[in-house]
Amino acid sequence: MPELPEVETIVRELRPMVTGRTVVDVAVFRADALGSLGPDEFRAALCGKRILNVTRRGKFLIFELSPAGYLICHLRMTGKFAVTTAPARPERHHRVWFHLDDGSVMIFQDMRCFGTLAVVERLPDAPSLAKLGMDPLSRGFSLKWLAGALGRSKSPLKHWLMDQTKIAGLGNIYTAEILFRAGLSPLRPACQVGDEETAQLHRATREVLRRAIRKNGTTISDFRRVDEKTGEFQNFLRVYGKEREPCLSCHTPIAKIRQQQRSTFYCPSCQT
DNA sequence: AGCGGAACCTGTCGGC
DNA sequence: TGCCGACAGGTTCCGC
């Protein structure tokens, strides 16, 4: 489900709702998301901890805890958060309730049970975070960095951009939109991107992500912001999900192909 | 290095 | 109407 703009949207909404709150109790309704940690250990690791801040790395949500520790969440395809007053009973897809000291409950729900929750003492203890590459909205994501990172990789651009160890945060939707705006084919080997094209790719990446965040992300079917609100960037997509529709700049029908077992959408005429 | 395939789990949609 | 397969915004592991 969520890519960088969706996770960033959730972080921005969740932050003012839970920062400063203390976790007073944790109810686990389905432990799939907790990995090796049992529900009791998970609960013990969180009870009494105060939430200092909510941040993001790539597609990971990070709750900074006091006096120590971090709750790290990946929403995968269908994970969502809501903050409400205590509901009477858990709904079908509720996985964990975090009871907070002001009487509110932060709910983690996840239809497909792909999402993950982990508690670590120190951030380097989280192997998933350690592997993440450059955040495309950070200062480090410079044109120079990108040119160097594309390097000698023969991977198709689509695959390269979605590799979280290279750039952290891009998924299927935004990769398609970025490549369209950069005029680059998703099939082009990363090492065969010229200087001018690299500059276009760099600019398109920043632009698409910033606009998507401004529109609170993309809701196609499942994604919801905190408390079930939808994003709006789906109204600005140019290729994702647009197969057979005319390209906005040249009217060639948008193509849909399979790449790495995922759908890829692109304009075969504009994107070379 | 890079690719295809499968797996995790649940829901929806289109075709027959 | 109903069943069945394909597909879904993500990640990881395995084998070639």
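Residues numbered from 1 in each chain as written. Chains lettered and ligands numbered in written order. Predicted model: local features only at pLDDT ≥ 70, side-chain atom pairs only at ≥ 80, totals over all residues. Heavy atoms only, no water.

1. Overview of the overall build of chain A
Alright, step 1. The helix and strand inventory of chain A stands at seven helices and ten strands.
Alright, step 2. A compact globule built from 272 residues would reach a C-alpha radius of gyration of about 19 Å, and chain A, at 20 Å, matches this within 12%.
Alright, step 3. Considered along the principal axes of its C-alpha atoms, chain A spans approximately 55 × 35 × 30 Å.
Alright, step 4. Burial status across chain A gives 49% buried among its 272 residues.
Alright, step 5. Partitioning the intrachain contacts of chain A with sequence separation of at least 6 by distance along the chain shows that 63% fall at a separation of at least 24. (Helix = DSSP H or I, 4+ residues; strand = E, 2+ residues; numbered from the N terminus. Rg over C-alpha atoms; globule rule 2.2 N^0.38 Å. Buried < 20%, exposed > 50% of the residue type's maximum accessible area, 1.4 Å probe, protein only. Contact = heavy atoms within 4.5 Å.)

2. Examining the sheet that holds strand β1 (residues 23–28)
Alright, step 1. With respect to topology, four strands assemble into an open sheet ordered β1-β6-β7-β5, the strand pairing being antiparallel. The open sheet has two free edges, formed respectively by β1 and β5 (79–85), since each of these has just one partner strand. If you compare each strand with its neighbour and ignore which way they point, the axes differ by 20° on average.
Alright, step 2. Strands β5, β6 (94–100) and β7 (104–110) of the sheet are contacted by helix α1 (residues 4–18), whose axis makes an angle of about 25° with β5.
Alright, step 3. Against the sheet, helix α2 (residues 39–46) touches β1 and β6, its axis set at about 165° to β1. (Pairing = 2+ DSSP bridges. Axes fitted to C-alpha atoms, helices over the stretch in contact; angles between N-to-C directions.)

3. Focus on the domain arrangement of chain A
Alright, step 1. When cut into domains, chain A gives domain 1 (4–130) and domain 2 (143–266).
Alright, step 2. Distance between the C-alpha centres of domain 1 and domain 2: 28 Å.
Alright, step 3. Broken down residue by residue, the surface that domain 1 buries against domain 2 is led by Pro5, Glu6 and Glu13, which jointly contribute 31%.
Alright, step 4. A salt bridge links arginine 225 to glutamate 13, with the shortest nitrogen-to-oxygen separation between them at 2.6 Å. (Domains from an automatic or database assignment. Buried area = accessible area lost by both parts, 1.4 Å probe. Salt bridge = Lys/Arg side-chain N within 4 Å of Asp/Glu carboxyl O.)

4. Things to note about the protein's contact with DNA strand B
Alright, step 1. In the vicinity of DNA strand B, 14 residues are found, and the nearest of them are Arg30, Arg92, Lys154, Pro156 and Gln261.
Alright, step 2. Of everything in DNA strand B that lies within 4 Å of the protein, sugar and phosphate atoms constitute 60%.
Alright, step 3. In the model, a phosphate oxygen of DNA strand B is placed 2.6 Å from a nitrogen or oxygen of the arginine 92 side chain.
Alright, step 4. Contact between DNA strand B and histidine 93: a phosphate oxygen at 3.4 Å from a side-chain N or O atom of the residue. (Near = heavy atom within 4 Å. Polar contact = N/O pair within 3.5 Å; in protein donor to acceptor, adjacent residues only side chain to side chain.)

5. A closer look at the protein's contact with DNA strand C
Alright, step 1. In the region of DNA strand C, 22 residues are neighbours, and Thr218, Ser221, Asp222, Arg262 and Ser263 sit closest.
Alright, step 2. The share of sugar and phosphate among atoms of DNA strand C within 4 Å of the protein is 54%.
Alright, step 3. The backbone of isoleucine 220 places a nitrogen or oxygen atom 3.1 Å from a base nitrogen of DNA strand C.
Alright, step 4. Residue arginine 258 places a side-chain N or O atom 3.0 Å away from a phosphate oxygen belonging to DNA strand C.
Alright, step 5. Counting residues per element, the ones that place at least two in the surface near DNA strand C are α6 (172–182) and β10 (262–266).

6. Brief notes about the state of the cysteines
Alright, step 1. As enumerated under the stated definition, the model contains zero disulfides in all.
Alright, step 2. Here cysteine 250 is not cross-linked by a disulfide; its sulfur's nearest cysteine counterpart is in cysteine 267, at 3.6 Å.
Alright, step 3. Cysteine 270 forms no disulfide, and the closest cysteine sulfur to it belongs to cysteine 247, at a distance of 3.7 Å. (Disulfide = S-S within 2.5 Å.)

7. Some remarks on the nonpolar core
Alright, step 1. Ranked by internal contacts, the top residues of the largest apolar core, which has 30 residues, are Phe42, Phe63, Phe81 and Phe98.
Alright, step 2. Among the elements that make up this core, the one with the highest residue count is α1 (five residues). (Core = buried A, V, L, I, M, F, W, Y, C linked by side-chain atoms within 4.5 Å.)

8. Focus on the pairing of β6
Alright, step 1. Counted residue by residue, β6 has six buried out of seven residues, so it is predominantly covered.
Alright, step 2. Note that β6 and β7 share five bridges and pair antiparallel. Bridged to phenylalanine 98 within β7 is methionine 106.
Alright, step 3. The antiparallel hairpin formed by β6 and β7 contains three residues in its connecting segment, where glycine 103 sits at a positive phi of about 90°.

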